[in-house]
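Residues per chain are reported as follows:
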Amino acid sequence: MPKSTNARSHDSALAGRTALITGASRGIGFAIAHALAGEGCDLVLTGRKLDPVRKAGRELVQHGIRVLAKACDVRDPVSVKALAASIRKQFSRVDILVNNAGIGHTSLPVAKLPYNAWKDVIDTNLNGMFLITREILPLMRRGGAIVNNLSIAATQVFANSSAYNASKHGALGLTNTLREELRAEGIRVIALLPGATDTEIWNTLWPDAPRKKMMSPETIARAVVSALVLPENSTVEELRILPTAGTL
Ligand SMILES: NC(=O)c1ccc[n+]([C@@H]2O[C@H](COP(=O)([O-])OP(=O)(O)OC[C@H]3O[C@@H](n4cnc5c(N)ncnc54)[C@H](OP(=O)(O)O)[C@@H]3O)[C@@H](O)[C@H]2O)c1
């Protein structure tokens, strides 16, 4: 993957790369952005609300990197196209795409789940991943990497989380397909499957969840960076990371 001309004296293999992280204003997305800033990556940070994304940008720019903070709703094709246009103008390419934006829903059985809640989760976690990937791929080159933040809910199910389970199972199907399509182009596709991680998403999924048993977002970010720094002729296809306590 080519290094940008503004690569700093950082000795990380990732220094000078451009990384786009969706849902970077908090939680796992922010932790990944923070870790990549520490490796010397230039960053594009997005979320629906601009203020928190700008705040994250102000914090991370202190690493001496370039940061573009943009509001982008991954559910909206127009918003996603506008994001791609801004990146093309400012950075011209993306080396690392982290599809992280995601939501949960209130714990309810299928018979009681409102259709709007189902649609919103599928639109964000599955359709959003498709829309972002489709618009950003033309900006990616050999040596690039895509990290799709799924969940252990991509391979196992939790009762009363049907839309979340379905969105993540679908997103794993998309991720695995993408990996085969991009093999010949030398773009690595990593399925990230974290278990319970202490973030705001639990406020909707399970407000009383035992947070102390959960991993920190920084742990997930460390695992992601360790996968990304591997030599370009090797890849971690599936990164499954769980609390030692297992599923909660
Ligand atoms: N926490 C866990 O235990 C866990 C485990 C496995 C996988 N995950 C996955 O990790 C990802 C991040 O979740 P998190 O736990 O870090 O939750 P979080 O703290 O609630 O962060 C979610 C992020 O996504 C953004 N977002 C939500 N909807 C969006 C949309 N339509 N367009 C753009 N950005 C949007 C949010 O910003 P705005 O609200 O401003 O849009 C926020 O930055 C999700 O895909 C989640 O499924 C989480």
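Residues numbered from 1 in each chain as written. Predicted model: local features only at pLDDT ≥ 70, side-chain atom pairs only at ≥ 80, totals over all residues. Heavy atoms only, no water.

K.L.:
Whenever I open this one, the overall build of the protein chain confuses me. Can you help?
P.N.:
A count of helices and strands for the protein chain gives 7 helices and 7 strands. The order of α-helices and β-strands along the protein chain, N terminus first, is β-α-β-α-β-α-β-α-β-α-β-α-α-β. Overall size of the protein chain, expressed as C-alpha extent along the three principal axes, is 55 × 40 × 40 Å. Going through the 248 residues of the protein chain one by one, you find that 51% of them count as buried. Put simply, of all contacts in the protein chain between residues at least 6 apart along the chain, 70% involve residues at least 24 apart. (Helix = DSSP H or I, 4+ residues; strand = E, 2+ residues; numbered from the N terminus. Buried < 20%, exposed > 50% of the residue type's maximum accessible area, 1.4 Å probe, protein only. Contact = heavy atoms within 4.5 Å.)

K.L.:
I tried to follow the side chain of Asn100 on my own but got confused; where do I start?
P.N.:
Positionally, Asn100 belongs in the loop between β4 (96–99) and α4 (115–136). Aside from chain neighbours lying at most four places away, what touches Asn100 is Ile21, Thr22, Gly23, Ile28, Gly29 and Asn149.

K.L.:
It is not clear to me how the site of the ligand should be interpreted in this structure. Could you clarify?
P.N.:
If you check the shell around the ligand, you find 31 residues, and the closest are Ser25, Arg48, Tyr164, Thr197 and Thr199. Ile28 is positioned with one of its backbone polar atoms (N or O) 2.8 Å from an oxygen atom of the ligand. Residue Asn149 places a side-chain N or O atom 2.8 Å away from an oxygen atom belonging to the ligand. Considering the ligand on its own, with 880 Å² of exposed area, one finds that the protein chains cover 98% of that surface. (Near = heavy atom within 4 Å. Polar contact = N/O pair within 3.5 Å; in protein donor to acceptor, adjacent residues only side chain to side chain. Areas by Shrake-Rupley, 256 points an atom, 1.4 Å probe, with all protein chains shown as cover.)

K.L.:
How should the pairing of strand β7 (residues 238–241) be read in this particular structure?
P.N.:
Look at any regular strand and the pattern is simple: side chains alternate between the two faces of the sheet. On β7, burial follows the alternation: Leu239 and Ile241 on one face are buried, whereas Glu238 and Arg240 on the facing-out side are not. Here strand β6 (residues 188–194) runs beside β7; their pairing, made up of 4 bridges, is parallel. Looking at the pairing, Pro194 lines up with Ile241 of β7. (Pairing = 2+ DSSP bridges.)

K.L.:
Where do I start with the packing of helix α1 (residues 27–38) against helix α2 (residues 50–60) in this structure?
P.N.:
Two elements in contact, α1 and α2, have axes separated by 10 Å at closest approach and are oriented at 25°. With respect to α2, the element α1 is oriented roughly parallel. For the element pair α1 and α2, the recorded crossing hand is right-handed. Note on element contacts: α2 touches α1 through Ala56, Glu59 and Leu60, opposite Phe30, Ala33, His34 and Ala37. (Axes fitted to C-alpha atoms, helices over the stretch in contact; angles between N-to-C directions. Parallel < 35°, antiparallel > 145°, perpendicular 65-115°, else oblique. Left-handed = near helix turned anticlockwise from the far one by under 90°.)

K.L.:
Looking at this model, I keep getting lost on the environment of Leu113. Mind explaining?
P.N.:
Mapped onto the fold, Leu113 is located in the loop between β4 and α4. The buried category is assigned to Leu113, whose relative accessible area is 13%. Along the primary structure Leu113 and Thr133 are separated by 20 residues, whereas in three dimensions their C-alpha atoms are 29 Å apart. Setting aside residues up to four positions removed in sequence, Leu113 forms contacts with His105, Thr106, Leu108, Trp118, Ser162 and Ala163.

K.L.:
What should I look at first to understand the nonpolar core in this one?
P.N.:
Nonpolar side chains tend to gather and get buried jointly when the protein is soluble and globular. Ranked by internal contacts, the top residues of the largest apolar core, which has 35 residues, are Ile21, Ile32, Leu36, Leu43, Leu45, Leu192 and Leu228. Among the elements that make up this core, the one with the highest residue count is α1 (8 residues). Not counting the four nearest positions on each side in its chain, Leu228 is found in contact with Leu14, Leu36, Ile96, Ala145, Val147, Arg188 and Ile190. Ranked by size, the runner-up nonpolar core spans 22 residues in total, among them Cys72, Ala84, Leu178 and Leu182. (Core = buried A, V, L, I, M, F, W, Y, C linked by side-chain atoms within 4.5 Å.)

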